[in-house]
Every structure is written in structure tokens, then in C-alpha cells.
Number of protein chains: 2
Amino acid sequence: MSEIHKDRITELRKVMAKAGISAYLIPTADFHNSEYAAEYFHAREYFSGFTGSAGTLIVTADEACLWTDGRYFIQAAGELTGSGVQLMKMQEPGVPSIQEYLRGKLTEGDVLGFDGRCVPFKEGKAFEKLVKGVKAGLAIDKDLAEEIWTDRPALPCHPVMILEDDYSGEDMDSKLGRLRDVMHENGASVYIDSKLDSIMWLLNIRGADVTCNPVALCHILVDDRNVYLFIQEGEVTGELRAYAALHRISILPYDDFEDFLGIYDYKSDVLCDPDSISYRVYKAAEQGTAKSGAGAELVEAESPLQAFKCVKNAVEMANIRGCYKRDSVQLCRFIKWVTEEMKKPEAEREALTESSAAAYLDNLRAQLDDYMDLSFETISAYGPNAAMMHYSAVPGVSDAKLQPEGMLLVDSGGQYLSGTTDVTRTIALGPVTEEMKKHYTLTAVSNLQLMGAVFLDGCTGVNLDILTREPMWREGLDYKCGTGHGIGYYLGVHESPPSIRWKVFPGRQDTPFKPGMIVSDEPGVYLEGKYGIRIETILEVVEHEENEWGRFFAFEPLTLVPLDRSLIDVKFLTPYTRQLLNDYHMRVRSELMPLMNAEEQMWLIEQTEPV
Amino acid sequence: MSEIHKDRITELRKVMAKAGISAYLIPTADFHNSEYAAEYFHAREYFSGFTGSAGTLIVTADEACLWTDGRYFIQAAGELTGSGVQLMKMQEPGVPSIQEYLRGKLTEGDVLGFDGRCVPFKEGKAFEKLVKGVKAGLAIDKDLAEEIWTDRPALPCHPVMILEDDYSGEDMDSKLGRLRDVMHENGASVYIDSKLDSIMWLLNIRGADVTCNPVALCHILVDDRNVYLFIQEGEVTGELRAYAALHRISILPYDDFEDFLGIYDYKSDVLCDPDSISYRVYKAAEQGTAKSGAGAELVEAESPLQAFKCVKNAVEMANIRGCYKRDSVQLCRFIKWVTEEMKKPEAEREALTESSAAAYLDNLRAQLDDYMDLSFETISAYGPNAAMMHYSAVPGVSDAKLQPEGMLLVDSGGQYLSGTTDVTRTIALGPVTEEMKKHYTLTAVSNLQLMGAVFLDGCTGVNLDILTREPMWREGLDYKCGTGHGIGYYLGVHESPPSIRWKVFPGRQDTPFKPGMIVSDEPGVYLEGKYGIRIETILEVVEHEENEWGRFFAFEPLTLVPLDRSLIDVKFLTPYTRQLLNDYHMRVRSELMPLMNAEEQMWLIEQTEPV
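If you're wondering where the values come from, they're calculated on a predicted model, not measured in any experiment.

Q: So what's going on with the interface of chain B and chain A? Residues and values would help.
A: Listed by partner, the interface residues are 29 residues for chain B and 29 residues for chain A. Of the roughly 2900 Å² buried between chain B and chain A, counting both surfaces, carbon and sulfur atoms make up 66%. Joining chain B to chain A, the criterion identifies zero salt bridges. Where chain B meets chain A, there are eight residue pairs in polar contact (both at pLDDT 80 or more). Of all elements in the fold, only strand S21 (454–456), helix H17 (461–464), helix H18 (466–474), strand S25 (524–527), strand S27 (537–547) and helix H19 (575–592) of chain B reach the threshold of two or more residues within the side of chain B that touches chain A. Looking at the side of chain B that touches chain A, the element that brings in the most residues is H18 of chain B, giving five residues.

This is the structure we're talking about:
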């Protein structure tokens, strides 16, 4: 394969030379700063051969370098072998950052090129500053892949659906009113946004342009009277057209957004989030406002839509609670099935692999009434494979056979009209070691301590993270990822801004928890070459108590799937954490029982007996 | 008294009118942004009558308003009665901030006045922006109190001492080398600083100009060749002059700093911390650099001296450990004495009050070899008085008689050549209620959980704070202050930047813990009108373990004074917290035993028996 990529980079260098570009940068991104991008946007993979979900390729006349993070060092080293592309291990000592590399390479008269639609406003501005510092130029208008990648997949284009108020809980006019209030508070009468989940939420629509993500490619401009929606013709159904007419939404071609920003008649300032629009959109708006004569400027602020969206309303919460119960039952059925299979004599049991087990679970989810899709590709990782946080079983390539021993880690979730789920359970398939039990119990304690937290209004994930890590740190262990993330409502399975982690990023303001937020609680132990354990339960922030000391919040679990009692070693529990475990199991039992048949009920009772 | 203050404000208004000033602001500050200021700087108290440690007075032609925070609402309301000064309760709903108030009052042509030496650079810039916004002017050159306050105390002026290397652990040339490295990293060849503890630390000198704070009023300018020290003639001893000659320190008059900044020949940029210099110093440096012709500018950065100073070196740490042991023994002696007195029949025991008990303890400290001063006025608060965090007993005014029941809270510390101590213990003087025991045990658990923490390099106090608050929050309690602060080495008892609290202040970067930092651990329960409990132990950050997951740190206690076992209710302890308590007591026992006589040893053994 590597020869192909070598040739492609040679082609790219020819096109670069023709366009007068000295260094060309290809990020892993679409036009909307999405976490997951459609195949159309996989140019970095096309040129480098590296298939990971994060990375940046820079090609110059004599070098090609790919930056990626620690999750992908091993994979990237393999995939880049023989391609001539040099792996740049981010954050490793002695490895220059992208900025440092470019500052060293570019000199006066050079030109840095990238597709300005695929680089967020904030990053684009940093590159602008960088080239100015070395007296180089910037070319942001060309997607050089266009000329070379002849069999490029088309831009995805699927019909959009309207999400009924029974699901959304708030009609778009009400949401629009709240947005306009924030616009006015910021002295703006125009708001622009390219962030797909924000737009879906605001307009109460959903799309199908990105696998596992019910979003439609689009941009919006909102002013005091109208909403301008820029979307591909093929996505617009009769239903959407009628809905648009009713709600003063003007539908315009997807590609016309930047031109529109150049000619729009700005009466006052434009509100935007530097993370929610691309560098090219920013440039277009900047030129448009400069021409306006009204002295309009761009006002940067954190997206009000992201802030609204993460606090679920009462209707959404009621739907989500039901959705998580039904989803939890399916995962219980899976656990019951796979553990019972493993107990059978070898001759009688199915020959299961990581991927065939995942398929069984996916099929269980698909049977649910309002199932739409998976919320991400199910991670089914057996034994040492589970030590890789982003492992993906591929039949015929890497697909371990399940044995009646050790542990299986399953991280999975569904997209339903009534919510988006995400859950991880690690299951003993047979005999396990004492060390596995110790580490599983530690992980359970971490998970339960966070679930049992009581905290004052104003607390962020940075304050709470140590409740999960403290049991690990005392044992000299850690997990190299955050503890929790927000989750959308029939939207992205990872949703900003809520997050639980201990590291503070300079300049980033953490969002305090509020009732109605939902967040994952997913500590783990990952021992390379040995095994991986993760327990992920989704929590809802709820009111707890209000008194002279303030307003206290707490968590309640949405995910209701037993932890594996056979992996619990009670000597690592305190009376408090033991109580937390038994309380959780009692809740699981009482909530799920009505949704199960007699045999399943018997199984559940056994799984949730107090330890 | 209030008539006096009314008259003084009337006088001030006359002087304001003459000077063309519409609003005059008097902060609580000296020329060095010190936490504690000498009496010379108590102008706010002189005009308003309010004696609290924090507050800002603003006088206009027809209004006089004093802003202070929640700690002082009750006290300020009392002291301001009849003075015509209006109390502005900071952070209370409907109360304008100082900025909001001024924005509403000042109009075109008005002039806002303040002594620009008493306002830090950062705040001064905010006022500059504010007046520009309303087209008003700014007068920063006059201290209007000068003309009215005829019996003003003199600026303090005491001889400076040199701190030997046996105490400082690093000579000033080495410290200067580190400072110059940071200057160069920032492209600067000049550094200016007015922060007293920073200058004392850098030059290895100490003064006696502020009660309980061994600092001398001074400023410095450091360049690549010299140190210019601006200090009053009366502070300069022959020893200091010889030391200065040896270390290229040029001694110049205290008052000449601003003039010097105006004429200094700047060759390149000037590094400064906006919190460490006054607004007037900033203005003088700005004018000086503008004239320089070399294009020199002011580079703002967090003070490297504050960052260096808070990490104690090996010599300092060895001194501090010994110092805390000796200081702890004296507190043990006090506790033994006061509790034994209380056990005597009334006829036989001394008639003790809060202040006479404090005097006994202060006298014990003064007996130690290298004792220099108290590190702050001892807080001795009995019964309900202890619910006020900043209570101060005053004989004849408020000085409760100690009874053989309830609790006494004692927060105290000393200044020694070998360190600065700070410790709080709450002691049962006789029978206590079950509620008191519960709340004392909760406070002990909070204190011990933090002491027992293990955490990764990079963690800040914002990450760790919940380890102390979690037991409180679960009971619906909280304490309305931070959990911990840094402590100087024979310097300020409160030392930035280390701190332990959960609230994040926008724009303020928290400092990760490093071995050699020392920090207080002081949770509490404060029930108005009932009682107050605080347990304060000073902790040292130490290396714990380094492995594949990172570098782990832990705390070790420097303060070695038993908690009150008679106030511990074991039913609120878990096996883990019980172990922490017993481990702490075993350490106290083994460390202090050699420093005690036989009777004291018997007492200590009893106090430290396992629970």
C-alpha cells in the first residue's frame, strides 16, 4: 500500500508547486469542526495511509510528516512504514509541535497552504500569526486533494427529518428566542454557526450524513427576523420545506454560505464561537462586516447553543431515563447470553469472537422500538486487546476468539429517538486472577465514588475528578484519559462542554454542573499486554439539598446494568463503597425487573444480590 | 466617634474640591500590595472608622460609601453607624461593584482620584479604562490624606537584618542568577518589583516594618549587572552596607524609585508582575521606557520570585521541620495546661479568658531560641465566638471567660529564624454535645483525607479541595473559605501562589504542587451563635512514587499536635480514616517524645492512644 501513498504525495507536490505552495497542511476535519467526519473528508488518510481518528499531515517539497497523539503511536508507525511519511509523536520529548515545525521550515516568501474550511477559526488565526512572524504567505482557498483524488466519495447527502416536540421538549421558536436574548446581551443582531449538533438542536432537525451521528451538513446565520439555513438540495424534504416556511427559515444552497456572509447587510455586531466556525467562514464574515458601513464587528463568545443543549429539559430527561432503562435491559440480555455460552462445554457452545459477540449485542439494540443507529461502533475487546482504549475488532484482521476465562470489555451505545446511550461493562468469561479482581474492584470503587458525590453549585469536573482517581492513585495506578464526557440527546455521543478530568487547559473555562446535564463516569485500568478494565455509567445531575451553605447537587445513574459481582473482591471495599455498590444494584433490580421475563428476572436477582 | 469621621470626610471634600477631584478612592493597601499594611497606611480607617482588614472607601461631593466583604458585614455596619458612610455589601444582590458604582457616578469632565502608589498596576489599568469610557479624568499623584491627617503615624523604619545562608539555604547571587535566566527567557534585561516578601527572599534580608511580617519597605530594579535597592536611610545598617557592596547592590532612597524609573537607560524590555508593582510605578516605567529609544517595553508575567520562593530548598525544609516540632511542643504544653486548669475545681483554677489564655501561649512561643515574633495575632475564641472566622478577643471589649465545658478554638503561629508557623486546634474544655463531637469528627476526617492524598504531578489545589469538603458536603455542610494557603520561610504566614480551594477564578492560573511546597490544611465547621471548629495542619509536598503512570506526590504533616480524642466519635470514622488518625498520632508521639519531660510524655501518650 505504501507505494500508492508515495505516489499520491508526489502528485500532491506537483500540484503544490503549480499553486506556489511551499507547505501544505491536511488536518483530520470536516467543514464543521466535527469529532467524526464523513469519508469525503478523509484526505489525510488518502495521502498518508494512516487511518486513526486524529492526526495532521504536512507535506513540503522534501518532507512529509504526520503528527498524532499517544493513542495512535503504534498503529501509525505500522501504517506509515515505507510511505516516506515521518511519524511525529505529539508531546514526546524532542518532537517539534506543528507550530514549531512550521516556524522552522517556512522562510520569507514561502506560502503555507490548507483548505481554510477544514481548519477552525481559532487555529487558522494562530497559523495567520505564525506566517506573519516569518514573513511567509497563506493560501486557504484551495483543497489540493480535489485534483488528485479522482475516486473521492461524494459529499454525503441524506434527507433531513424533523424531531417532534414530544422528543425535543422545546420548539425551535423558543430556542431561537433564547439565542436572540444572548445575541442582544452581546450587542449582536446576527449569529453564525457551522457546528452541526448545535444547528440540529436549535432547529429540532436531524440528519444522516455522518455514521452514528444524526447530523446533516449545514451552516446557519440567525438574525432578528430570520434563520438562513445553508444545506444541500438533496437533504431538503417536502416536510422540511413546510417546516421552514412556518418558522421563517430561508433555505439556501450549502456552498453559498461564504458568499452570503460577504454580501449580507450587517446592521450590528456578529456573535460567533471561534470553535464553531471555520477559518474561511471567519474570513468571509470579517470581509462582509468590514464592507457593511455600520461598524459591525465579530464578537467572539462560547456558543450559547452548546451551553443550552447540554442542559436537558424535562421532556428530554423523561425520554432519556426510559431509553437508558430499555438499553440497559438489552445489555443485560447480552451479558446473560455471553456468560451462559461460556459456561457450556466447548463442543456445545458457539464459536464466538469479539466481533460476533458485538454483532449479537448490536442486533439486540436494533430490536428496540425507536432505535435509529448505533451511537458508535461497538468496542468488543477480549483479554490483552482491552488494554487498547480505542481497540476495534476487524474480522479476518484482529478478532480474538472468546475463551471461558479472563475478561471481555464491551463499550457500546445506541441512537434512539428517545436519546443517545453509551455504556461500558467488563465481564468475567470464566476464571480470573486475583490481580484482575483487585483492579476491577478498584475501578468499581472509582466509578461508585463519583456516582455517590454530593457537591455545591459551581463545581466543575476538575473539582470532582479526584473522587474517581484517588483510589487508583493510592495504588500507584492511573488511566491516561478523562473520566467523563457529556452526551447529546439523539445527537453526538460525546458532547461538549461538560467534562470530568483533572487537567486544566489554559484559557479554557470549565462549565459548572447543573441539573439536567448528563455525563459519563468511566474510570479504568489498562495494563498493556495483559488486560483492560473499564466501567462506564452515565450519570444525571440532580438537585440534592438547598440550605444556608448553598445549593447542593448529586448524581443519579441513568445506566442500569449490574457490575460483575464475580470480579468484586470485598476486601478492597470500605463500608461506604460496599453500600454504594449494593444501593446501585438494588436500584438496577427494581428498575429493570418490570421489563424482563421470569428467567431474566431470576438472573438479575442473582447478579444484584448484596455483597 | 462617628462625628469625628463625619468631620474628616467634610475636610476631605474641601481638599478634593481644591484639587478638582470628583470622586476619591481610598483602598486598604500600602505601596507594595501587601496583605498587612503598617498604620501609616490606615487612611481608610482614619476617614471611615471601619477597622476591618479589607475595604475600599469612595467619597464624592455628596456620598461616601465603603465596600467590604461578607466577613465584615456585621462589624462594618456597627462601626459605620452615624458616620454618614454607606455600607456596600460586596457580592450581595443589588449592590453595585466599585466599578459599576463609578461608572454610574462619573460623567464627562469628572476626575477620579486615588493615591496611585496604593493601587496595584492591574487595578489601576482597569480604572484607567473605566474613566476613558465615561470621558472622565484620572488624578493619581496625590495622597489627599496628607493634608488632613495631621497626627498620622510615621512611615515605619526599622533596621534590616541579613539572613545567613544556614537559614536561607541559597545565597542571593544564586537566586539572582535564576531571576536573570527568567528575565532573558522573556527577552528582558531589567526586572522591577515592589513586593516586599519577594525582595526579602531574593536578597536574603528581613525587616521589621509590619507587625508579624519581617519585611522592610523597599523596591528593586534588577538588571544584568546590578541590583538597585530603594530603601529608607534609617533601615540601612553598616552590615547591610557591607553586604550590598559585596553583592553589587546599589542602595538608593526609598522615595526615588519612580524618578529613577523615569531616567534609567533601558537597553531592552522590562519584566514585571502586574500584581507586584503599583499603578504609579507602572506609569513611571512606561514613561521611562518610552523615552529610552531602544524600543523597550514592559513585559507582564507572573513573578518568578513568587514562583521560586514557594518551593523551599533542602536547608529551609530541614529548618522548617525542626521549627514545627518545637512550635508543636509549645502548643501541646498550652493544651495540657489549659485543659488541666479546666479540670480543677472553680475555687482553685485561674480565672482564664480568651485573651489571657492566648497570652500564656504567646509566652510559651517567646521562650523558644530563635523566636522573633508572632506570625499573626493569636486567635483564641471560646464557644459561639469561634463561629466568627476572624474573631479577635479584646480585653475589656470582648473577652469571654473560659468555662469547663464546650470548645476553645486557638489559631496561632510564630515567626522564627527557622521558619514561620501556623496551626489551629480546637479543644474540649469539658463536657461537649453529641453534635459538637460529630462536627469535630467530620472536620478531622476532612483534614486527614487531604493529608492522606496521593496525587499526580500537575495537580493543583482545585483538584484536591474536594478531599476535604466531600465529608462536609455529604452532611449538607460547608465552610465559606478556602481550604489552604502557602506559608513563607520566616516571611508572610499567607504566601502565594499555592492554595487549596475549589473555586476557579477566571484568568488566574493555579500553580501545581511540587515537592518543597508547604500548604495549610484547615477545614472547619462554623455555626453562628453556637460554636466553631477548625483543625489546621501544615503539610509538606513530598515525592511518593514514580512509575509508568507518572510521578506521584503525597503530603507529610509538619504540624505535630494531637487532635482532641475526646471530641472524636468513632462512628463517623471509616477504617481508612481511623487508620489515618492513628497513624498521625503515632507520628506525633514518636517525633515529639524526645522534646518533652516525663510528665509531658505521659500526657502525650494518652492523647495519642489509638482510637
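Q: Help me get a handle on the sheet that holds strand S18 (residues 414–416) of chain A, residues and values and all.
A: All names here are of chain A. Strand order in the open sheet formed by three strands is S15-S18-S19, with antiparallel pairing between adjacent strands. If you trace the sheet from one side to the other, it starts and ends with strand S15 (371–374) and strand S19 (419–420), each paired once. Sheet topology note: the S15/S18 ladder contains three bridges and is antiparallel. Pairing of Leu 374 across the sheet is with Gly 414, part of S18.

Q: Could you give an account of the pattern of salt bridges, naming the residues involved and the relevant values?
A: Residues and elements named next belong to chain B. Overall, the coordinates contain 84 salt bridges over all chains when judged by the stated rule. As a salt-bridge pair, Lys 267 and Asp 265 come within 2.7 Å of each other at their nearest N and O atoms. Among the residues examined, Lys 267 registers a relative accessible area of 61% and is labelled exposed. Relative accessible area serves as the criterion here: at 45%, Asp 265 is assigned to the partly exposed category. For Asp 411, the salt bridge identified is with Arg 534, shortest N-O distance 2.8 Å. Note that Asp 411 is positioned in strand S17 (residues 407–412) and Arg 534 in strand S26 (residues 531–534), a separation of 123 residues in sequence. Side by side, Asp 411 and Arg 534 carry an identical accessibility label, which is buried.

Q: Let's hear about a negative patch on the surface: which residues, and what values?
A: Residues and elements named next belong to chain A. Together, Glu 164, Asp 165, Asp 166, Asp 171, Asp 173 and Glu 239 give the surface a local cluster of negative charge. Residue position: Asp 166 is located in helix H7 (residues 165–168). A relative accessible area of 61% means that Asp 166 is categorised as exposed.

Q: Which residues make up the pairing of S17 of chain B, and what values do they have?
A: Residues and elements named next belong to chain B. With six of its six residues buried, S17 lies for the most part within the structure. Here S17 shows a buried face lined by Met 407, Leu 409 and Asp 411 and a second buried face lined by Leu 408, Val 410 and Ser 412. Relative to strand S20 (residues 423–428), S17 is paired through six bridges, and the arrangement is antiparallel. Residue Asp 411 lies in a different strand from S20, and its bridge partner there is Thr 424.

Criteria and cut-off values
Residues numbered from 1 in each chain as written. Chains lettered and ligands numbered in written order. Predicted model: local features only at pLDDT ≥ 70, side-chain atom pairs only at ≥ 80, totals over all residues. Heavy atoms only, no water. Contact = heavy atoms within 4.5 Å. Buried area = accessible area lost by both parts, 1.4 Å probe. Salt bridge = Lys/Arg side-chain N within 4 Å of Asp/Glu carboxyl O. Polar contact = N/O pair within 3.5 Å; in protein donor to acceptor, adjacent residues only side chain to side chain. Helix = DSSP H or I, 4+ residues; strand = E, 2+ residues; numbered from the N terminus. Pairing = 2+ DSSP bridges. Buried < 20%, exposed > 50% of the residue type's maximum accessible area, 1.4 Å probe, protein only. Patch = residues over 30% accessible without salt bridge, like charges linked within 9 Å, V, L, I, M, F, W, Y side chains within 5 Å. Areas by Shrake-Rupley, 256 points an atom, 1.4 Å probe, with all protein chains shown as cover. Lys, Arg positive; Asp, Glu negative; His and termini not counted. Charge placed at Lys NZ, Arg CZ, Asp CG, Glu CD.

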